[in-house]
Amino acid sequence: MTPSTLAPLQQRLRQWLSSERMAWLAPLSGWVLLVAIFAGIEQTGLSYTDLHQGIPAETAIFAVSLIVLTALFLVIWRILVFRQNEVCSQARLTDFNALLAQVHQTIAQAENETALLQTLCDLAIRYAHFKLTWVGRPDSEGTIHVLAAAGVTGYLEEMCLSVRPDIPEGQGAAGRTWRDEKPFYNASFERNPVMQPAIEQARRFELGSSAAFPVYRYKTLWAVLAVYHEEEVIFDGDLQAIMEELAKVIGYGLERIDLRHQERYATGLNESLLSSTTAGIALVRYPEGVFIQVNRALLEILGYSRESDLIGSPTRNILFSGATYESIKDLYVLTCTKGHAEARGLAYKRADGITVYLDVSVGILREEKRKQAVLTWTVINVTDQRGLAQELAYQAIHDALTGLPNRRALDEEMEKAMARALRHKRLLAVAILDLDGFKSVNDTFGHETGDDVLRIVAHRLREAVRKTDFVARFGGDEFVLILEGFVGMDELEVVFAKIENAVQSPIFLPKQETDVTVGLSMGVSLYPLADGTGSEALLRCADHALYHSKAHKEKRSRYWSLYGEVMPQCRHLHQALLAQGEVDVLYQPILDNRSGRIVGIEALARLRGADGSLFNPAEFLPHLTTEDNMELSMQVFTQALADLARLDAQGWSLWISFNVAPESFHNHCISYLQGIMATSGIDPSRITVEILESSDFLERDVALSVMHDIKKMGMRLALDDIGSAYASLLRLKELPIDEIKLDQGFVRTLEERPQDLHFVRVIQDLAAELEVDLVAEGVESADILDAMRTMGVPYLQGYAISRPLAFADLQRFLSDHESGDQELSTGLFGFYAGTLIFHSAIKKMLLINPAELNREILPDARLCRRHGILHRLGYDDRSRLVDLHGAYHWALGKVVNHSTESFSLNGPEWDAMETAYAGFMEAILVELKSRHPKPGLGLPTGYLPVIADPN
């Protein structure tokens with residue numbers, strides 16, 4: 001036999017010899033001895049008969065003695081075996097109790113979960129003489145993973161342990177314990193059918209019995225403790241109680257480790273917070289006011305390097321002043337009363353003598369005997385924030401560009417200056433100064449240079465006035481001066497002369513290596529002589545004076561104007577005619593493209609000379625002041641409303657528009673409009689105030705304010721001359737307008753520049769996006785009218801509809817005008833415009849939803865309405881235009897059919913479509929030039945709106 005086959009036999013023999021079966025060896029040996037005696041008798045020739053007849057007495061006595069001795073031997077043997085078992089059981093119980101004691105001691109010192117479990121397994125092997133001990137947990141799939149093990153761990157390497165009930169590996173002690181959450185005892189691997197899958201491994205590793213116990217952690221099943229012994233049936237009631245207690249103790253040990261880790265984490269966290277927080281923290285004993293603990297952040301804030309520099313010292317050592325000390329005392333008292341208090345921006349002294357500003361929050365940590373307490377200081381360094389706050393406070397009242405005080409600071413200073421003027425009985429002058437010619441500097445050299453000029457002017461103004469005077473920037477190129485302590489105008493005029501010399505001196509531009517010069521206009525109001533008593537009234541009066549100064553700029557003898565003073569000036573012929581009321585109002589009808597009806601009129605001004613001749617705006621506008629322009633607008637407005645009422649009475653309900661120069665926008669403008677409206681009886685919603693877009697005045701706050709006031713009156717606002725040189729489309733969204741008007745100079749040249757129709761389409765989209773009406777002025781020819789109508793421009797105005805008419809002529813025109821639908825694209829120019837709109841719409845559909853396009857009809861040009869128009873215009877199927885129109889539609893069809901698969905703006909189909917479109921449009925332009933060598937009617941003599949750019 002091989003050693004491998006002898007090993008299991010040797011193991012079973014040792015187990016058998018050590019068990020109670022050995023007790024039967026005694027009688028068995030006695031019987032063997034009797035058999036041997038009788039065999040000896042047989043050997044000596046004694047027969048049964050001989051024995052029956054009589055056995056010698058010696059032999060009989062010997063036999064009886066032998067039997068008695070055998071029985072006595074058996075009794076003694078049984079007593080010895082029982083005693084041996086009792087001694088073994090007691091020894092095992094002692095070992096298990098020793099194990100339990102060692103486990104308790106280990107748990108008391110344990111710091112690590114893994115080390116604890118491994119030590120427990122080692123102790124079980126050493127003290128309980130188990131062959132194998134392990135602790136394990138199942139994963140999500142039920143497979144048990146061993147966390148710690150000791151003994152014959154090779155057994156575990158050969159076994160697959162599981163808690164699943166549906167597989168053999170899950171039927172063992174560990175699996176049953178996990179599922180049932182109670183101990184499981186396997187008395188014998190050999191005699192337990194359930195353990196048959198593990199019998200071979202048990203024999204190989206000399207395992208006789210096993211047991212498994214649940215280990216709980218916070219009342220939740222956490223793991224399984226398994227033990228294996230070489231003997232069978234060893235777990236009596238006492239050992240079971242000890243092992244179950246051991247499993248509970250393991251759970252308690254794990255919980256204890258968790259608690260120690262939590263305590264250590266909390267302690268570490270507190271220490272980390274104290275050391276890592278940027279806030280300074282200190283413990284102070286009250287009422288002595290002595291530091292007893294500080295953190296690193298507080299040392300850094302106060303400039304100390306060691307904790308000993310502060311601990312034990314009084315808090316008053318770091319106070320900046322007695323005021324700070326009193327604040328801290330009050331803070332202590334309030335803390336003891338309410339439990340918490342805080343103070344902001346207290347001045348403290350660093351170790352290096354530098355002052356820092358701190359926010360201090362004080363609370364009570366604990367109260368001690370004899371009215372003593374430990375207070376917590378939480379300190380935040382706000383020195384940088386204080387500096388930033390001061391900087392922000394400075395910025396809030398100063399202009400960022402020039403460093404001068406701003407409007408907010410001006411308002412505060414005005415009230416103080418007025419109080420000083422009354423107290424000292426002196427004059428106070430408030431002057432608003434505006435730079436003349438600054439815009440040209442900005443436009444010529446750029447905004448950066450313009451900013452440099454403003455900074456230089458601001459510096460010169462500060463140098464020109466006295467130290468007691470005040471200079472502020474009002475916004476843009478406007479400045480405000482507060483001049484105090486004057487008795488009469490003679491003193492003021494001296495200061496004004498210094499200001500003029502300072503501002504008008506040449507300014508050298510180093511980057512451009514040239515000098516520039518700016519002029520100035522200034523309006524002055526005097527306190528307490530000006531109208532009103534408040535600061536706003538003074539500024540308003542100064543602004544009104546500035547307005548007069550700029551209005552008379554060409555004829556004034558000085559750059560400043562005093563509020564309430566009339567500036568002498570000479571009148572021009574056109575000013576005299578205006579003053580005499582020689583204003584004629586003409587009306588140009590406005591066509592609604594959708595209905596074909598005349599829906600509105602624009603009032604246009606003319607001046608009538610003594611001989612009856614009419615002066616058009618190009619002749620008289622250059623000679624009118626801003627005040628004259630306002631007067632002209634009001635006269636036109638008054639006459640227009642009166643004529644509109646007469647039209648209403650005759651059954652023509654139209655809306656009317658008239659022009660107002662933006663330079664006339666001031667508070668008086670609103671009062672004028674309100675006065676005229678009050679006597680007219682006309683619904684304000686039928687009145688449109690047109691403002692020229694070709695001016696930068698709309699960028700001023702006062703203009704926007706007046707525009708909003710006009711809207712509040714119920715009237716509509718229109719922006720005129722969109723498309724002129726100054727046009728700034730981006731700012732349209734900021735203006736409260738209801739209508740935009742395309743510049744007539746732009747529209748009337750469309751026949752010469754057909755490509756500008758793209759701009760018309762852009763303006764259409766802009767008007768739709770802004771939800772405002774669009775009027776095209778300068779519709780001078782039938783072709784332009786046809787193009788505008790084809791493109792769908794809502795409202796049209798120009799010679800192709802009607803010239804400006806006197807009121808009587810207007811009445812006749814309205815009587816003779818026939819409204820109704822008219823055929824579109826009556827000419828080739830209209831056809832060109834319609835094709836542009838058509839192509840734009842097709843591209844939008846291709847980009848948004850190409851599936852909506854008809855893929856069967858679109859490729860066939862003969863099914864297009866424009867094919868019929870070409871025939872009507874005289875182009876048959878053999879013409880080049882019809883051929884190119886067909887090629888364009890064929891290319892459209894390719895794009896539409898391809899777009900349902902993979903659509904790309906850069907694809908060959910899209911490029912082919914654009915090429916075909918460009919060729920078709922170019923051919924139309926060539927045909928237009930051949931038919932009209934010199935298109936356009938030109939501008940009729942005497943046709944300009946009331947407030948027009950003479951250029």
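Cut-offs used in this document
- Here the residue numbers are simple positions, counted from 1 along each chain's written sequence.
- Whole-chain, interface and lining totals are the exception, using all residues; otherwise, since this is a predicted model, local features are given only for residues with pLDDT of at least 70 and side-chain atom pairs are given and counted only at 80 or more.
- The side-chain figures draw on all heavy atoms in the structure; neither hydrogens nor water molecules are used.
- Secondary structure elements follow DSSP: runs of H or I of four or more residues count as helices, runs of E of two or more count as strands, with numbering from the N terminus.
- In this scheme, a residue with accessible area under 20% of its type's maximum is buried, one over 50% is exposed, and one in between is partly exposed, where area comes from a 1.4 Å probe on protein chains only.
- For this analysis, residues touch if any pair of their heavy atoms sits within 4.5 Å.
- To measure how exposed things are, a 1.4 Å probe is used in the Shrake-Rupley method; for residues, cover is taken only from the protein chains shown.
- Side-chain rings of Phe, Tyr and Trp (the six-membered ring for Trp) are treated as a pair once their centres are within 6.5 Å; stacked means planes under 30 degrees apart, edge-to-face means over 60, and tilted covers the remaining angles.
- Confidence per residue, as judged by the predictor, is encoded in pLDDT with a range of 0 to 100.
- Salt bridges are defined by distance alone: a side-chain nitrogen of Lys or Arg within 4 Å of a carboxyl oxygen of Asp or Glu.
- Strands qualify as paired when DSSP identifies two bridges or more between them.
- The angle between two axes is taken between their N-to-C directions and runs from 0 to 180 degrees, where each axis is a line fitted to C-alpha atoms and a helix contributes only its stretch in contact.
- For classification, angles of less than 35 degrees are called roughly parallel, those exceeding 145 degrees roughly antiparallel, those between 65 and 115 degrees roughly perpendicular, and all remaining angles oblique.
- Crossings are assigned a handedness: left-handed for a near helix turned anticlockwise from the far helix by less than a right angle, right-handed for a clockwise turn.
- Gly falls in the polar group here, along with every residue not listed as nonpolar (Ala, Val, Leu, Ile, Met, Phe, Trp, Tyr, Cys, Pro) or charged (Asp, Glu, Lys, Arg).

Naming follows an unreviewed UniProt entry, where the chain appears as Diguanylate cyclase/phosphodiesterase with PAS/PAC and GAF sensor(S) of Acidithiobacillus ferrivorans.

Asker: Any chance you could explain the overall build of the chain here in plain terms?
Answerer: When you go through the chain residue by residue, the secondary structure sums to 30 helices and 26 strands. The burial tally for the chain puts 46% of its 951 residues in the buried class. In the chain, of all internal contacts separated by at least 6 residues, the share reaching a separation of at least 24 is 64%. Put simply, the chain shows about 48400 Å² of open surface, and 54% of that area lies on carbon and sulfur atoms.

Asker: Got a minute to help me understand the packing of aromatic side chains in this structure?
Answerer: The description of two aromatic rings rests on the distance between their centres and on the angle between their planes. Scanning all chains against the criterion turns up 18 aromatic pairs. Consider the rings of Phe96 and Phe130, whose centres lie 5.3 Å apart with planes at 70°: the pair is edge-to-face. With Phe96 in helix 4 (residues 57-109) and Phe130 in the loop between helix 5 (113-127) and strand 1 (132-138), this residue pair connects regions lying 34 residues apart in the sequence. By the burial criterion, Phe96 is buried, and Phe130 matches it.

Asker: Hey, could you run me through the confidence of the model for the chain in this one?
Answerer: Any residue range with low pLDDT should be treated as having predicted coordinates unsuitable for detailed reading. On average, the chain scores 82 in pLDDT, and the residues at 70 or more come to 83%. Within the model, the stretch residues 1-11 combines pLDDT values under 50 with six contacts to residues more than four positions away or in other chains. Note on residues 16-24: pLDDT is under 50 here. Beyond four places in sequence and across chains, it has 10 contacts.

Asker: Explanation requested: the pattern of salt bridges in the structure shown.
Answerer: Oppositely charged side chains may form a pair once their charged atoms are brought near each other. Taken as a whole and judged by the stated rule, the model has 41 salt bridges. Lys550 is the partner of Asp434 in a salt bridge, and the nearest nitrogen-oxygen pair spans 2.8 Å. You can see Asp434 sitting in strand 11 (residues 427-436) and its partner Lys550 sitting in helix 17 (residues 535-551), a full 116 residues away along the chain. Here Asp765 and Arg761 are joined by a salt bridge, their closest N and O atoms 3.9 Å apart. Of this pair, Asp765 and Arg761 both sit in helix 24 (residues 757-770), four residues apart, which is roughly one turn of the helix. By relative accessible area, which is 21% here, Arg761 ends up partly exposed. Salt bridges sharing common partners tie together Glu602, Glu690, Lys741 and Glu777.

Asker: How should I be thinking about the pairing of strand 1 in this particular structure?
Answerer: Consecutive residues of a regular strand have side chains that alternate between opposite faces of the sheet. Taken across its seven residues, strand 1 has six buried, putting it largely inside the fold. For strand 1 and strand 2 (residues 144-151), the ladder comprises seven bridges, and the chain directions are antiparallel. Residue pairing across strands places Val135 opposite Ala148, the latter belonging to strand 2. In this structure, the hairpin formed by strand 1 and strand 2 is closed by a connection of five residues, where Gly142 is found at a positive phi of approximately 95°.

Asker: What is the right way to read unusual backbone geometry from this model?
Answerer: Most peptide bonds adopt trans geometry, and most residues besides glycine take a negative phi value. With an omega of 10°, the peptide bond between Tyr527 and Pro528 qualifies as cis. Among the secondary structure elements, Pro528 is positioned in the loop between strand 16 (519-527) and helix 17. Backbone geometry places Glu206, a non-glycine residue, at a positive phi of 60°. Within the secondary structure, Glu206 is located in the loop between helix 8 (199-204) and strand 4 (209-217). Unusually for a residue other than glycine, Glu771 sits at a positive phi of about 60°. When you line up the elements, Glu771 lands in the loop between helix 24 and strand 25 (773-776).

Asker: Mind showing me how you'd approach the sheet that holds strand 11 here?
Answerer: As a general point, the strands of a sheet are linked pairwise by backbone hydrogen bonds and lie either parallel or antiparallel. Strand order across the open sheet formed by five strands is 12-13-11-16-17, with mixed pairing between neighbours. Both outer strands of the open sheet, strand 12 (470-475) and strand 17 (560-562), are each paired with one neighbouring strand and no more. Averaged over all pairs of adjacent strands, the angle between strand axes in this sheet comes to 20°, irrespective of strand direction. Against the sheet, helix 15 (residues 447-464) touches strand 11, strand 12 and strand 13 (478-486), its axis set at about 0° to strand 13.

Asker: Looking at this structure, how should I read the packing of helix 25 (residues 782-791) against helix 27 (residues 828-848)?
Answerer: The axes of two packed helices give the description: the angle between them and the distance between them. Across the interface, helix 25 lies against helix 27 with an axial gap of 8 Å and an inter-helix angle of 25°. Viewed along their axes, helix 25 and helix 27 adopt a mutual orientation that is roughly parallel. Between helix 25 and helix 27 lies a crossing whose hand is right-handed. Side by side, helix 25 and helix 27 meet where Asp783, Ile784, Asp786, Ala787, Thr790 and Met791 of the first sit next to Phe829, Gly830, Ala833, Gly834, Leu836 and Ile837 of the second. Grouping the amino acids of the contact of helix 25 with helix 27 by side-chain chemistry returns seven nonpolar, three polar and two charged.

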